[in-house]
Structures are given as structure tokens and as C-alpha cells.
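# Coordinate analysis (summary)
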Amino acid sequence: MPHLTSTAVGTASTDIRLGFGVPGYAHPLLAPLEWGELTRPGTPLHWVVLNVADGPGTRPDPHCLAAAGRLRNAGIRVLGHLDVRYGARTFAELISDAHRYLDWYRVDGFFLDRCPTDRTALPEVSRTATTLRAFLGEGHIVLGHGSHPHPGYAETADQLVTFSGPWSEYRWSQVAEWTADHPADRFCHFVHSVPRGHLEEALRIARWQGASTIYFTDRTDRGGRVDPWETMPGYWDEIVSRLGTGVSE
């Protein structure tokens, strides 16, 4: 069983409807099956990250344009990938990338990857998110922390990624007590190296910890050498079936 704080246990719900947030598959030329599967009717998708070339690239990519267009035509939210590099990238660099995503791919929001978690970085992240919202209007902002940040970040974005890592850590993870003050649709969990036999347990943890957007995969990072999110999990059909039918514990 995962270790949970008493606050989270007292407010957790097993009726949370889960859906996918896709962190970003490989380029459509390298992962055509993955991009094609995303438009399958009935797939419970909250959003998909478009990462052209560690950002929007230097010019419009026709293959990414086509993939993003198919998703948007299917009513699926597409987020542009902005690498914050834990605060190392400047405001101007991030806004420049955002403009290219909007001009070329008509994205519906942004995923701020490798977002800082500490309080000192909060004003700059908030400044960036506020500026992005001004461009987007009704757009969607996700902060990809990968762990629980200072609670002030919850007021900055639509969603926070509060876990990103391997199953070996997730199955014993703790949820921060302050998350109980927010609904489950504010939080996302990305977990790699999840064995098929532990898939149901992983889904149970997400529900009990109050995260409604998830991405679980049996792919591994091979000790940090590869991106586990670039390809589809081997049990994609199974997990789509489980989430699509609203299975709950």
C-alpha cells in the first residue's frame, strides 16, 4: 500500500474519473502508431503535449502540423512544450517559443516542463503563466514539476504534475497535505516502469492521492538514458478500456 498523509486519506475519493495527459510522444515520423491511436473514439484524453524539437523548432514541421491538426479536429486539447529548465531559461526565451507554437500549431495551451518547485521561483513562473494566459484566453496551463511544489503554484496554473518518475517510487509515495484543499482535476501523475500486473494498484493510488490526469507506462528510462514517454505502453488497449469504461475502486 502507498503511504498517504492523514489529510489526504480523510478526503480521498475512489470515484475519481481518470483520463490521460500524454507527456509527449516521439516525432510523428518515429511514432506514427502512437499519434494515430490518440484519435481513437472513446479514448479518455485530457490533453496531449506537442514537443517538436525540444520546443517548437526553428520552422513549422509539416508532420507535426498534421498530427496537431488531427487532434484538434477530434476535439483533443494540444499543449505546446516549453522547457523551463528549473528556472534557467529566461522569460523572453519562453515567450518566444510560445509565440511560435501559437503561430504555427495553434496550440490550446502549454506544458511547462521541468518547472521549479521552490517558493523563490514562484513569482517568475507566475509571470510567465500570466503572460501565456493573455495570449491564450481560454487556454490550459500545466506546470510539470514532477514532485510536490510550494502550494502557491496551485494558484498559477490549471494543473500541476506532482509526480513524475518510476513505479518503484510511486507505489510508496506520499501526497502533500495541501493538495486536499483542491479537486482532483488539478493534479497529474506520470509513472513509468509500471508492470502490467500492478496496473490496477497504480490506478488505485492515483485515485486515493487525488489525481485525475495520469499517464502510466511499462516503458522504462533505462537508468535515465531514454525517454519512457516517447512510445506507447504495451498495455495501451487495456488501460484505455479501464479508463474509458469508468472503472473505479
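Residues numbered from 1 in each chain as written. Predicted model: local features only at pLDDT ≥ 70, side-chain atom pairs only at ≥ 80, totals over all residues. Heavy atoms only, no water.

Rolled over the atoms, a probe as big as a water molecule pinpoints where empty space is left. Taken as a whole and judged by the stated rule, the model has two cavities of 30 Å³ or more. A volume near 30 Å³ is recorded for the second largest cavity. What lines the second largest cavity is simply Trp35, Thr39, Ala67, Arg70 and Leu71. Among the elements that make up the lining of the second largest cavity, the one with the highest residue count is helix H3 (residues 62-73) (three residues). For the lining of the second largest cavity, the class distribution of residues is three nonpolar, one polar and one charged. (1 Å grid on protein atoms, 1.4 Å probe; cavity = no way out; pocket = protein on both sides within 12 Å on 5 of 7 lines; lining within 4 Å. Points joined across faces, edges and corners; volume = space filled by probe spheres on them. Helix = DSSP H or I, 4+ residues; strand = E, 2+ residues; numbered from the N terminus. Nonpolar A, V, L, I, M, F, W, Y, C, P; charged D, E, K, R; others polar.)

Attention now goes to the pattern of salt bridges. Evaluation of the coordinates by the stated rule reveals 15 salt bridges. Where Asp108 meets Arg72, a salt bridge forms, and the shortest distance between an N and an O atom there is 3.2 Å. Here Asp108 is found in the loop between helix H4 (91-105) and strand S4 (109-113), whereas its partner Arg72 is found in helix H3, with 36 residues between them in sequence. A relative accessible area of 21% places Asp108 in the partly exposed class. The partner of Glu238 in a salt bridge is Arg242, and the shortest N-O contact between them spans 3.1 Å. Of this pair, Glu238 and Arg242 are both found in helix H8 (residues 236-244), four residues apart, which corresponds to roughly one turn of the helix. Linked through salt bridges whose partners overlap, the residues forming this network are Arg89, Glu93, Asp97 and Arg100. (Salt bridge = Lys/Arg side-chain N within 4 Å of Asp/Glu carboxyl O. Buried < 20%, exposed > 50% of the residue type's maximum accessible area, 1.4 Å probe, protein only.)

The values are spatial; any link to function lies outside them.
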